[in-house]
Amino acid sequence: MTQVSTDILEVCREQVLADGVGLGQAQVLEVLRLPDERLEDLLAVAHDVRMTWCGPEVEVEGIVSLKTGGCPEDCHFCSQSGLFESPVRAARLDIPSLVEAAKQTAKSGATEFCIVAAVRGPDDRLLAQVAAGIEAIRNEVEIDIACSLGMLTQDQVDRLAGMGVHRYNHNLETSRSYFPNVVTTHTWEERMGTLRMVRDAGMEVCCGGILGMGESLEQRAEFAADLASLEPDEVPLNFLNPRPGTPFGDLDVLPASEALRAVAAFRLALPRTILRFAGGREITLGDLGAQQGILGGINAVIVGNYLTTLGRPAEQDLDLLDSLRMPIKALGSTI
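Parameters at a glance
Residues numbered from 1 in each chain as written. Predicted model: local features only at pLDDT ≥ 70, side-chain atom pairs only at ≥ 80, totals over all residues. Heavy atoms only, no water. Helix = DSSP H or I, 4+ residues; strand = E, 2+ residues; numbered from the N terminus. Buried < 20%, exposed > 50% of the residue type's maximum accessible area, 1.4 Å probe, protein only. Contact = heavy atoms within 4.5 Å. Lys, Arg positive; Asp, Glu negative; His and termini not counted. Charge placed at Lys NZ, Arg CZ, Asp CG, Glu CD. UniProt positions renumbered as here; feature names shortened; annotations may be inferred. Arc of directions from axis to C-beta. Pairing = 2+ DSSP bridges. Right-handed = clockwise from strand over helix to strand, strands pointing away. Salt bridge = Lys/Arg side-chain N within 4 Å of Asp/Glu carboxyl O. Core = buried A, V, L, I, M, F, W, Y, C linked by side-chain atoms within 4.5 Å. Phe/Tyr/Trp six-rings, centres within 6.5 Å; stacked < 30°, edge-to-face > 60°. Lys NZ or Arg CZ within 6 Å of the ring centre and 35° of its normal.

**Some words on the overall build of the protein chain**
Okay, so step 1: Broken down by element type, the protein chain carries 11 helices and 10 strands.
Okay, so step 2: The dimensions of the protein chain, computed from C-alpha atoms along their principal axes, are 70 × 40 × 35 Å.
Okay, so step 3: Sorting the 335 residues of the protein chain into buried and exposed places 56% on the buried side.
Okay, so step 4: When contacts within the protein chain are restricted to residue pairs at least 6 apart in sequence, long-range pairs at least 24 apart make up 77% of them.
Okay, so step 5: Across the protein chain, 28 positive and 48 negative side-chain charges occur, with their mean positions spaced 3 Å apart.

Here it is as structure tokens:
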């Protein structure tokens, strides 16, 4: 008897849209291999999944770098590594500047403010500065505070939880099998260890990565499955913006259609997760692609600039959300 194969988009409608069960690794790979002529239908299914299982609200976040550059790790995409000859130089932000950044973020309508540091992990001085910054922000701004400070010990996890950190970001960056091609100074398993401690401490887990670093479609599907097994609260999707002086500085920018297919595939693997547009979307997708992504599974955005690259003006993203009639998530609500 000849076995009749089921179209993957029909599987998406029945398994993910109707039942809320995310695609597995092999199914994600099928989605990533769909031809361009099916992209519009794929994005429509992913949007329906987002609206059904997450709703229309969009979470808006701003980020600021507390410590920039001079990082001892060799993440091949990152111009903040002290091991590469890049234009980024080490710098620290003082507490008044941190508070002002939080104020400007809140004025944009954002409900999440993430404090980021380019380090392997925080030392006592940095943690003390983070604690002082969080206290100063809370005295003047009503906003949820997240942190991204590298790999943590259990004591550091407990200290951050005690500070009231709402969400902790630590990206796996790529699949387990491809990770050694991206970073050699620490392991994928070390990153996963931090994420498990964060989850056990009661903080929300934010974990995503960067697409377009030379990984295969099979490894991209593997990465989606890795994230699904972690069950993160938020997945930021970055697209490689090749930075001068880094080992990945000469890689090509991901084609827009390939990036949008990935957005939809990750939504279909993670139907209930906050899926956030992050770095590289401007150079990869442009204005039209950004709209297609928001109508293809994305339900969160970082507004303003990123850590070492420029983003779109916050007003452009907010105007886009308004034109699409997608409300910004209110402080304290859930998606």
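**Topic: the UniProt feature "binding site: [2Fe-2S] cluster" (unreviewed entry) in the protein chain**
Okay, so step 1: Sites flagged by UniProt as "binding site: [2Fe-2S] cluster" (unreviewed entry) map to Cys114, Cys206 and Arg276. The named residues occupy 163 residues along the chain; their greatest pairwise C-alpha distance, 13.4 Å, places them in one compact cluster.
Okay, so step 2: The residue Cys114 is located in strand S3 (residues 112-117) in this model.
Okay, so step 3: The exposure class assigned to Cys114 is buried, which follows from its relative accessible area of 5%.
Okay, so step 4: Position of Cys206 relative to the elements: it lies in strand S6 (residues 204-206).

**Topic: helix H6 (residues 154-162)**
Okay, so step 1: Every buried residue of H6 is listed here: Gln156, Val157 and Leu160. The arc that holds the buried residues of H6, viewed along the axis, is 105°, so those residues lie on one side.
Okay, so step 2: The inward-facing, buried residues of H6 contact helix H5 (124-140), strand S4 (144-148), strand S5 (167-169) and helix H7 (188-200).

**Considerations on the pairing of strand S8 (residues 234-239)**
Okay, so step 1: Among the six residues of S8, six are classified as buried, and the element is accordingly described as predominantly covered.
Okay, so step 2: The two faces of S8 match: Glu234, Pro236 and Asn238 on one face and Val235, Leu237 and Phe239 on the other face are all buried.
Okay, so step 3: Two elements, strand S7 (residues 209-211) and S8, share three bridges in a ladder whose sense is parallel. Directly across from Leu211, in S8, lies its bridge partner Phe239.
Okay, so step 4: In this fold, the crossover linking S7 to S8 by way of helix H8 (residues 217-230) has right-handed handedness.
Okay, so step 5: Of the crossover connections in this fold, the one passing from S8 over helix H9 (residues 256-269) to the parallel strand S9 (residues 274-277) is right-handed.

**As for the pattern of salt bridges**
Okay, so step 1: Within the structure shown, the criterion is met by 21 salt bridges.
Okay, so step 2: Between Glu215 and Arg220 there is a salt bridge; the shortest N-O distance is 2.9 Å. Across the pair, exposure class does not vary: Glu215 and Arg220 are buried alike.
Okay, so step 3: Here Glu282 makes a salt bridge to Arg281, at a shortest N to O gap of 3.7 Å.
Okay, so step 4: Relative accessible area serves as the criterion here: at 1%, Arg281 is assigned to the buried category.
Okay, so step 5: A single salt-bridge network, built from bridges that share partners, covers Glu59, Glu61, Arg167, Glu204, Glu234, Arg276 and Lys329.

**What to know about the nonpolar core**
Okay, so step 1: With 96 residues, the main nonpolar core has Ile137 and Leu160 as its most contacted residues.
Okay, so step 2: A total of nine residues in this core trace back to one element, the largest contributor, which is H9.
Okay, so step 3: Dropping the residues within four chain positions of it, Ile137 is found in contact with Leu98, Val99, Ala102, Phe113, Ile115, Ile143 and Ile145.
Okay, so step 4: With six residues, the next largest nonpolar core counts Ile63, Val116, Ala278 and Ile302 among its residues.

**A few points about the packing of aromatic side chains**
Okay, so step 1: Here the structure, examined in full by the defined rule, presents two aromatic pairs.
Okay, so step 2: When the centroid spacing of 5.9 Å and the interplanar angle of 65° are considered together, the rings of Phe223 and Phe266 count as edge-to-face. With Phe223 in helix H8 and Phe266 in helix H9, the pair connects residues that are 43 residues apart, well separated along the chain.
Okay, so step 3: Residue classification places Phe266 among the buried positions, given a relative accessible area of 0%.
Okay, so step 4: Judged by centre distance (6.5 Å) and plane angle (65°), the ring pair of Phe239 and Phe277 falls under edge-to-face. With Phe239 in strand S8 and Phe277 in strand S9, the pair connects residues that are 38 residues apart, well separated along the chain. When sorted by exposure, Phe239 lands in the same class as Phe277, which is buried.
Okay, so step 5: The positively charged end of Arg272 is found above the aromatic ring belonging to Trp53, 4.3 Å away from the centroid.

**Notes on unusual backbone geometry**
Okay, so step 1: Residue Glu231 is not a glycine yet carries a positive backbone phi of 55°.
Okay, so step 2: Counting through the fold element by element, Glu231 comes out in the loop between H8 and S8.
Okay, so step 3: Owing to a relative accessible area of 59%, Glu231 belongs among the exposed residues under this scheme.
Okay, so step 4: A positive phi is found at Arg325, a non-glycine position, where the angle reads about 60°.
Okay, so step 5: Considering the arrangement of structural elements, one finds Arg325 in the segment after helix H11 (314-323).
Okay, so step 6: Here Arg325 falls in the exposed class, since its relative accessible area comes to 76%.

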